[in-house]
Amino acid sequence: MSLVRIVGALDPHVHLRGMEWAHKGDFATETAAALAGGYTAVLDMPNTPPPTTDSQGLERKLDDLGRNARCDYGVWLGAHPSGVRPEAELALLARGVCGIKLYCGHTTGGLTITASQMDRHVASWPGPGVLAAHAEGESVSVFLTALARHGKRGHLCHIDTARAVAEVAEHKSRGTKVTAGVCPHHLLFCDRDLPSLGPRGVMKPPLGTPSDREALWEGIRRGVIDVVESDHAPHTWDEKLGLPTPFGVPGLETTIPLLFTAVREGRITADRAVELVSVAPRRIFGLDPRPAGTYTLVDVGARRTINQESLYTSCRWTPFSGMEVWGVIRRVVIRRTVVFEDGEVLAPKGFGSNLYDNFC
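What you see is a predicted model; the values in this text were computed from it and never measured.

### Regarding the overall build of the protein
Check the secondary structure of the protein and you find twelve helices and 13 strands. Over its C-alpha trace the protein gives a radius of gyration of 19 Å, about what one expects of a compact globule, namely 21 Å for 360 residues. With the principal axes as the frame, the protein shows a C-alpha extent of 55 × 45 × 45 Å. Burial statistics for the protein: of 360 residues in total, 59% are counted as buried. Relative to all contacts within the protein whose residues are 6 or more apart in sequence, the contacts with residues 24 or more apart total 74%.

Okay, here's the thing in structure tokens:
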């Protein structure tokens with residue numbers, strides 16, 4: 001075996017299922033998928049029903065997660081199109097979340113805000129959590145400009161174009177406090193793959209050009225992109241076959257093996273892969289960089305073929321089905337307890353702990 005140890009692997013961008021979307025999966029199945037993929041913790045996005053935009057939504061999600069999550073977790077608050085929450089309410093909500101998510105373009109969940117609303121949401125966010133944005137096209141510039149104008153700290157999720165990489169690089173050089181994430185599907189596929197992918201290629205942001213794809217890899221190598229995030233968003237296969245096809249693909253079980261396949265191919269170093277899924281996300285989202293007794297062992301000398309029938313995610317499909325990858329997750333340990341080993345999830349429902357537990 002050739003083992004790489006990752007301390008506290010964290011996926012900061014997942015859309016877990018459960019509550020009103022329990023038919024797609026639930027907090028138990030999708031956090032089991034996180035463990036099988038080598039993650040010790042995930043941060044759950046706010047746009048699945050009921051949306052996490054107020055105290056009631058947050059309390060419901062935290063209660064459900066507390067009873068069912070198998071790995072550690074945090075929760076995102078969602079900015080609501082109806083406007084900014086009153087200052088006292090927002091300050092209270094901010095204590096119990098990892099940050100606030102702004103949806104600046106059409107996507108799942110109906111939380112889309114306008115450019116003018118974006119500036120108000122950025123200005124009003126008290127922290128300490130991060131401002132994050134789903135932004136495409138012109139809204140990338142609007143978000144970055146708002147961060148710079150108000151001196152706030154932000155994270156641009158799942159960037160997908162060469163233009164976005166260039167804009168992030170420029171703002172970083174000017175001192176804007178911004179970080180950026182990218183998804184494996186944007187790193188490995190492009191618009192030329194859509195005919196073969198079919199509904200498995202329907203995602204937001206959409207797949208870009210081959211030039212966009214190469215710019216994303218270059219952004220990783222140059223340090224413009226800080227995090228690789230899965231954007232895990234499963235739907236049933238019947239739903240994906242329907243019209244309109246819902247956006248989103250599962251990714252928790254494939255991200256880390258795909259990254260170490262990139263290491264094997266010489267695209268990045270092993271240290272850089274670890275930084276992208278552990279060191280950087282834990283720093284950005286204010287978590288202990290060396291959580292005691294919490295780590296993943298990846299056998300980077302072993303290879304396997306991604307088999308969708310063996311996935312833990314409830315949807316049991318993946319755009320990466322049939323791909324050969326280097327990097328087999330051998331063991332995951334959380335707080336000195338073995339929670340996954342050699343293909344078997346061992347953590348019971350409710351084992352996971354809330355990493356942001358100050359909400360009251």
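### Regarding the environment of aspartate 72
Topologically, aspartate 72 is positioned in strand E4 (residues 72–78). For aspartate 72, a relative accessible area of 7% puts it in the buried group. Between the C-alpha atom of aspartate 72 and that of alanine 34, which follows or precedes it by 38 residues, the distance is 9.8 Å. If near-sequence neighbours (up to four positions away) are discounted, aspartate 72 is found in contact with Thr40, Ala41, Val42, Ile334, Arg335, Gly352, Ser353 and Leu355. Within the local environment of aspartate 72, its side chain forms a polar contact with the side chain of arginine 335, the two groups lying 2.7 Å apart.

### Some thoughts on the sheet that holds strand E12 (residues 337–341)
Here five strands make up an open sheet; going across it, the order is E1-E10-E11-E12-E13 and the pairing antiparallel. Both edges of this open sheet fall to strand E1 (3–7) and strand E13 (344–345), since each of them pairs with a single strand only. Bridging between E12 and E13 involves two bridges; their strand directions are antiparallel. Paired with phenylalanine 340 across the two strands is valine 345, which belongs to E13. Those strands touched by helix H1 (residues 27–36) are strand E11 (324–334), E12 and E13, and its axis lies near 110 degrees from that of E11.

### Structural notes on the pattern of salt bridges
A full pass over the atoms with the stated rule returns 20 salt bridges. Glutamate 138 is the salt-bridge partner of arginine 163, the closest N and O atoms lying 2.9 Å from each other. Of this pair, arginine 163 sits in helix H6 (residues 162–173) while glutamate 138 sits in helix H5 (residues 138–150), and the two are 25 residues apart along the sequence. Looking at arginine 163, the relative accessible area reads 43%, which means it is partly exposed. Of the charged contacts in the structure, one is a salt bridge between arginine 267 and glutamate 265, with a shortest N-O distance of 3.8 Å.

### Focus: the packing of aromatic side chains
Following the criterion strictly, the structure yields three aromatic pairs and no others. Note on tryptophan 76 and phenylalanine 285: the rings are 5.6 Å apart at their centroids and 85 degrees apart in plane angle, and the pair reads as edge-to-face. A residue pair is termed long-range when its members are at least 10 positions apart, and tryptophan 76 in strand E4 and phenylalanine 285 in the loop between helix H12 (270–284) and strand E10 (295–305) qualify at 209 residues. The residues tryptophan 76 and phenylalanine 285 share a single accessibility class, namely buried. A centroid spacing of 5.5 Å and a plane angle of 55 degrees characterise the contact between tryptophan 237 and tryptophan 317, whose relative ring orientation is tilted. Placement of the pair is tryptophan 237 in helix H10 (residues 237–241) and tryptophan 317 in the loop between E10 and E11, with a sequence separation of 80 residues.

### As for the sheet that holds strand E7 (residues 154–156)
Taken together, the eight strands give an open sheet; going across it, the order is E2-E3-E4-E5-E6-E7-E8-E9, and neighbouring strands pair in parallel fashion. Looking at the sheet topology across the chains shown, the edges are occupied by strand E2 (10–14) and strand E9 (227–228). One ladder, built from five bridges, connects strand E5 (residues 99–103) with strand E6 (residues 130–134); its direction is parallel. Bridge pairing in E6 places lysine 101 opposite alanine 132.

### Section: helix H4 (residues 115–124)
Buried within H4 we find Gln117, Met118, His121 and Val122. The buried residues of H4 occupy one face: seen down the axis, they fall within an arc of 135 degrees. Where H4 is buried, its residues meet E5, E6 and H5.

### Some thoughts on the packing of H4 against H5
H5 packs onto H4 with a crossing angle of 30 degrees between their chain directions and a minimal axis gap of 9 Å. Taken together, H4 and H5 sit at an angle that is classed as roughly parallel. Taken as a pair, H4 and H5 cross one another with a handedness that is right-handed. Touching Ala115, Met118, Asp119, Val122 and Ala123 of H4 are Ser139, Val142, Phe143, Ala146, Leu147, Arg149 and His150, all from H5.

### Section: the nonpolar core
One recurring pattern in soluble globular proteins is that nonpolar side chains are buried together. Residues Ile6, Leu35, Leu102, Ile220, Ile256 and Phe260 are the most contacted members of the largest nonpolar core, which totals 78 residues. Take this core: its biggest share by element is six residues, from H1. The contact partners of isoleucine 256, leaving out residues within four places of it in the chain, are Ile6, Ala9, Gly37, Gly38, Tyr39, Val277, Val298 and Ile329. Core analysis: the next-biggest nonpolar cluster, separate from the first, contains 17 residues, Leu10, Leu43, Trp76 and Tyr103 among them.

### Examining the environment of tyrosine 103
With respect to the helices and strands, the residue tyrosine 103 is situated in strand E5. The contacts of tyrosine 103, once residues within four sequence positions are left out, are His15, Met45, Pro46, Asn47, Leu111, Thr112, Ile113 and His134. A distance of 3.1 Å separates polar atoms of two side chains, one belonging to tyrosine 103 and the other to asparagine 47.

Criteria and cut-off values
Residues numbered from 1 in each chain as written. Predicted model: local features only at pLDDT ≥ 70, side-chain atom pairs only at ≥ 80, totals over all residues. Heavy atoms only, no water. Helix = DSSP H or I, 4+ residues; strand = E, 2+ residues; numbered from the N terminus. Rg over C-alpha atoms; globule rule 2.2 N^0.38 Å. Buried < 20%, exposed > 50% of the residue type's maximum accessible area, 1.4 Å probe, protein only. Contact = heavy atoms within 4.5 Å. Polar contact = N/O pair within 3.5 Å; in protein donor to acceptor, adjacent residues only side chain to side chain. Pairing = 2+ DSSP bridges. Axes fitted to C-alpha atoms, helices over the stretch in contact; angles between N-to-C directions. Salt bridge = Lys/Arg side-chain N within 4 Å of Asp/Glu carboxyl O. Phe/Tyr/Trp six-rings, centres within 6.5 Å; stacked < 30°, edge-to-face > 60°. Arc of directions from axis to C-beta. Parallel < 35°, antiparallel > 145°, perpendicular 65-115°, else oblique. Left-handed = near helix turned anticlockwise from the far one by under 90°. Core = buried A, V, L, I, M, F, W, Y, C linked by side-chain atoms within 4.5 Å.

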